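Observations on the three-dimensional arrangement
Chain by chain, the residues run as shown.
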Amino acid sequence: MKRRMRKVTALVLSVGMMLSMTITSGAVTIDEAQKKADELQSQKSAAQAEKDTLAVKLNSIIDQMNKTQEELSAKETEISTAEEELVQAKVDEDDQYNSMKKRIKFMYEGGNTQFLEILMSSSNIGDLLNKAEYVSKLSSYDRDMLVAFQETVKAVEEKEAKLKDEYEKLNTLQTSLVSQQTEAQNLISSKEAQIAEIQDQITDNANLLADLKAKAEEAKRLQEEQAAAAAAAAAAAKKNNSTSSSNGSSSSRPASSGNVVSGSGYFTHPCPGMTYQSSYFGEVRSFDPRPHKGNDYAAPTGTPTYAAAAGTVITAGWSNSAGNWVVISHGNGLVTKYMHHSSICVSAGQRVEKGQQIGYVGSTGYSTGAHLHFQVELNGTPVNPNNYM
Ligand SMILES: [Zn+2]
């Protein structure tokens, strides 16, 4: 009894240790991973908001660039118009100059040849006008016309210069807009890279979180399973102790009447009421490096178990590993073993028939859930039970 309690305590302790180890694996807890997920999400939202602001700014720059481009095109048209005007003004000025020279030449033909020479040798209109200041007989009409044409040329030249200046300013603005655009685009690219980096971290963290949650679930499930098994073992041990002290038999429940035989083999199935076969002969299970020595039949606690064949009960009682177990000898070196019963209803020395009830399924001894471990041995060596069924 004391031994059983110690075992149960040790089991609960080891499961508890396993549970805390699993949840904190890699020094990250579920809470920490969840907190990190929230932080990353808010970082991503902030970066996204910054990127959106930059995109708005970029759009406004592009709008401004389009507007400036339109103004530049309009300015180019105005400049070429002004250039054409200037050409025309210069042509008009030249025509006036030439016709004036002809008239002056005619007026002074045969007269003041010195003046005529001065006039004809003028290098340009300005020079001529300066010289003409001294020519009292020069027609005031011609002089006024020439001045008017010259002023036109000057005005058009000024207009053209002003347009070219405006064009240069627009051009400078456009150049600066282009570099602003490049800058905004670079900022957006780096913001996108930052968002992608945060997204990677979010994905990694989500995987970690899912992993931690799955491990915690598994540990919890295992703990509940082990606690249930430990409680059942403790209860069965207590029941076994109390019954064996009163009448020396491990039986606590009456056997159901009548033999239960299934199949046509030498052996009948020892637990036809099973839910499913949870383990097979020869199987290597994760918790035990040795091949399994029998078949495990998972069944609800209390499901009847039967002698596989007629024989003599060699053992009916308690084992630390097999729990409440029954061993039946069938002669010629063939023996069957039935383990982990919640209670048994035969006693050592008793003769049993094929299909006679020997006990009830339980989870006593080294067991993690209610099942019947059915083992067949020939001359002391475990063999496959299916060979006889
Ligand atoms: Zn087993």
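A quick note: this is a predicted structure, and the numbers were derived from the prediction, not measured.

**Concerning the packing of aromatic side chains**
Scanning the model with the defined rule gives five aromatic pairs in all. Ring centres of Phe267 and Phe374 lie 6.1 Å apart, and the angle between their planes is 70 degrees; on these two criteria the pair is classed as edge-to-face. Taken as a pair, Phe267 in the loop between helix H5 (140–247) and strand S1 (276–279) and Phe374 in strand S10 (residues 371–378) lie far apart in primary sequence, 107 residues in all. Assigned by exposure class, Phe267 and Phe374 land together as buried. Ring plane angle 40 degrees and centroid distance 5.2 Å describe the contact between Tyr338 and Phe374, whose orientation is recorded as tilted. Placement of the pair is Tyr338 in strand S6 (residues 334–341) and Phe374 in strand S10, with a sequence separation of 36 residues.

**A few points about the coordination of the zinc ion**
Summarising the metal site, the zinc ion is bound by the protein donors His292 (NE2), Asp296 (OD) and His373 (ND1), whose distances to it range over 2.0 to 2.4 Å. Expressed as a motif, the donor residue spacing for the zinc ion is H-x3-D-x76-H. Like His292, the residue Asp296 is buried in the burial classification.

**Notes on the pairing of S10**
With seven of eight residues buried, S10 is to be regarded as a mostly interior element. In this sheet, S10 lies alongside strand S2 (residues 295–298) in antiparallel orientation, the contact comprising four bridges. From the neighbouring strand, Asn295 faces S10, where its bridge partner is Phe374. Pairing of S6 with S10 involves six bridges; the strand directions are antiparallel. Looking at S10, one finds that Lys337 is bridged to Gln375. Note: S10 against strand S11 (residues 381–383), three bridges, orientation antiparallel. Counterpart to Val376 in the pairing with S11 is Val383.

**Structural notes on unusual backbone geometry**
Although it is not a glycine, His340 adopts a positive phi angle of roughly 70 degrees. Within the secondary structure, His340 sits in strand S6. Overall, the relative accessible area of 6% leaves His340 in the buried class. Although it is not a glycine, Asn379 adopts a positive phi angle of roughly 50 degrees. By secondary structure assignment, the location of Asn379 is in the loop between S10 and S11.

Rules of the game
Residues numbered from 1 in each chain as written. Predicted model: local features only at pLDDT ≥ 70, side-chain atom pairs only at ≥ 80, totals over all residues. Heavy atoms only, no water. Phe/Tyr/Trp six-rings, centres within 6.5 Å; stacked < 30°, edge-to-face > 60°. Helix = DSSP H or I, 4+ residues; strand = E, 2+ residues; numbered from the N terminus. Buried < 20%, exposed > 50% of the residue type's maximum accessible area, 1.4 Å probe, protein only. Donors = N, O, S within 2.8 Å, 3.2 Å for Na, K, Ca; no water. Pairing = 2+ DSSP bridges.

Don't take any of this as a statement about function, it's just geometry.
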